[in-house]
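Summary of the model geometry
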Amino acid sequence: MSILADQYRRVCQRIQQACDESGRPADAVSLLAVSKFKPASMVRECYQQGQRQFGENYLQDAMEKIPALADLADIEWHFIGALQSNKTRTVAEHFDWLATLERDKIARRLNEQRPAGKAQLNVLIQVNISGEEQKSGVAVAEIAALAAVVESLPNLTLRGLMCVPEATSDESQLRGQFQQMKQLFNELQQHHSCVDTLSMGMSADLELAIAEGATQVRIGTDIFGARD
Ligand SMILES: *Cc1c(COP(=O)(O)O)cnc(C)c1O
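This text gives an overview of the structure that appears in the document. Computed from a predicted model, the values in this text were never measured in an experiment.

Considering the overall build of the chain
- For the chain, the helix and strand inventory stands at 9 helices and 8 strands.
- Across its three principal directions, the C-alpha atoms of the chain cover 45 × 40 × 30 Å.
- By the burial criterion, 50% of the 228 residues in the chain qualify as buried.
- Surface exposure of the chain reaches about 10800 Å², of which carbon and sulfur atoms provide 46%.
- In the chain, which carries 23 positive and 30 negative side-chain charges, the distance between the mean positions of the two groups comes to 5 Å.

Have a look at this one:
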């Protein structure tokens, strides 16, 4: 078995085990394979292992791979990086999901630029759950208003929330941020029927995120290796 196939299998096992340990069904959590800075050949190999959802942070990097992998009909591309308003067209035309929405202007542009005949763009609102000043994401108090804007746009579907918690080795602090996200997710679900995705947890903390209710984990390093 190749190194990538082996690492991929281990990540899938970790997810399954974390689901078991928190009494959640194995299909409660999906895996987003974060392929930033990794070549199309590695994405293809991961696809051949059964993976379908891939996450990219940088548009230029992503657009070197997406056309090269166009033969993989059911591959799903998620944009998980910071999105400037002059770059929305690339996301609207080539991606299935945007995980990092934080401004209504971006939502409106994506709605206008989504090509006719393409499925609705799935959207997660990124929440600055740690409240760090320089961090991406909306404040907790701004979620409801942005969610209402997305809901009003016919070419977008609001699917849930995403966060990148504080980089801390303090597990209880991390757990607290995941718990807060879960609560915000539950509240959002009560008002928006399409909301089903809580994206949190990366290579180092996927077990904790799953224990606290993540429905999607985003894993790069532990599948594809370190980025240099
Ligand atoms: C890079 C990245 C990941 C994956 O992180 P790893 O630690 O490599 O698993 C997940 N989410 C976002 C937003 C990222 O930028």
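Focus on the side chain of Asn122
- One can find Asn122 in strand E5 (residues 121–126).
- When sequence neighbours within four positions are dropped, the list of residues in contact with Asn122 reads Asp96, Trp97, Leu98, Thr157 and Arg159.

So, unusual backbone geometry
- Positive phi outside glycine occurs at Phe37, with the angle close to 65 degrees.
- Within the secondary structure, Phe37 sits in the loop between strand E1 (30–34) and helix H2 (40–48).

A word on the site of the ligand
- Around the ligand sit Val34, Lys36, Asn57, Ile80, Met162, Met202, Ser203, Arg218, Ile219, Gly220, Thr221 and Arg227, and those are all the residues in its vicinity.
- Lys36 places a polar side-chain atom, nitrogen or oxygen, 2.7 Å from an oxygen atom of the ligand.
- Expressed as a share of its isolated accessible area of 390 Å², the protein-covered part of the ligand is 86%.
- A class-by-class count of the residues in the shell around the ligand yields 5 nonpolar, 4 polar and 3 charged.

With respect to helix H7 (residues 171–191)
- Taking 1.5 Å of rise per residue, the 21 residues of H7 would be expected to cover 30 Å, and the 31 Å separating its terminal C-alpha atoms lies within 8% of that figure.
- For H7, every residue scored as buried is listed here: Leu174, Gln177, Phe178, Met181, Leu184, Phe185 and Leu188. An end-on view of H7 places all buried positions within 120 degrees of arc, on one side of the element. The outward face of H7, more than 90 degrees from its buried face, is lined by the exposed residues Ser172 and Gln190.
- Residues of H7 that are buried make contact with helix H6 (143–152), strand E6 (156–162), strand E7 (197–199) and helix H8 (206–211).

Quick notes on the state of the cysteines
- Evaluated as defined, the whole model comprises 0 disulfides.
- Not engaged in a disulfide, the cysteine Cys46 finds its nearest cysteine sulfur in Cys12; these two sulfurs lie 7.9 Å apart.

Brief notes about the pattern of salt bridges
- What the rule picks out here adds up to 14 salt bridges.
- A salt bridge links Arg175 to Glu212; its shortest N-O distance comes to 2.5 Å. Residue Arg175 is located in helix H7, and its partner Glu212 is located in the loop between H8 and strand E8 (216–219); the two are separated by 37 residues in the primary sequence.
- Given the relative accessible area of 14%, Glu212 is considered buried.
- Linked by salt bridges that have partners in common, Asp6, Arg9 and Arg10 make up one network.

Thoughts on the pairing of E1
- Taking burial as the measure, the 5 residues of E1 include 4 buried ones, the bulk of the element.
- Taken together, the 4 bridges between E1 and E8 define a ladder with parallel strand orientation. Across the sheet, the residue bridging to Ser30 is Gln216, located in E8.
- Alignment of E1 against strand E2 (residues 53–56), held across 2 bridges, turns out to be parallel. Of the residues in E2, the one forming a bridge with Ala33 is Phe54.
- Each parallel crossover has a hand, and the one from E1 via H2 to E2 is right-handed.

Reading guide: rules and limits
Residues numbered from 1 in each chain as written. Predicted model: local features only at pLDDT ≥ 70, side-chain atom pairs only at ≥ 80, totals over all residues. Heavy atoms only, no water. Helix = DSSP H or I, 4+ residues; strand = E, 2+ residues; numbered from the N terminus. Buried < 20%, exposed > 50% of the residue type's maximum accessible area, 1.4 Å probe, protein only. Areas by Shrake-Rupley, 256 points an atom, 1.4 Å probe, with all protein chains shown as cover. Lys, Arg positive; Asp, Glu negative; His and termini not counted. Charge placed at Lys NZ, Arg CZ, Asp CG, Glu CD. Contact = heavy atoms within 4.5 Å. Near = heavy atom within 4 Å. Polar contact = N/O pair within 3.5 Å; in protein donor to acceptor, adjacent residues only side chain to side chain. Nonpolar A, V, L, I, M, F, W, Y, C, P; charged D, E, K, R; others polar. Expected span 1.5 Å × (residues − 1). Arc of directions from axis to C-beta. Disulfide = S-S within 2.5 Å. Salt bridge = Lys/Arg side-chain N within 4 Å of Asp/Glu carboxyl O. Pairing = 2+ DSSP bridges. Right-handed = clockwise from strand over helix to strand, strands pointing away.

No statement about biological role is implied by the geometric values presented.
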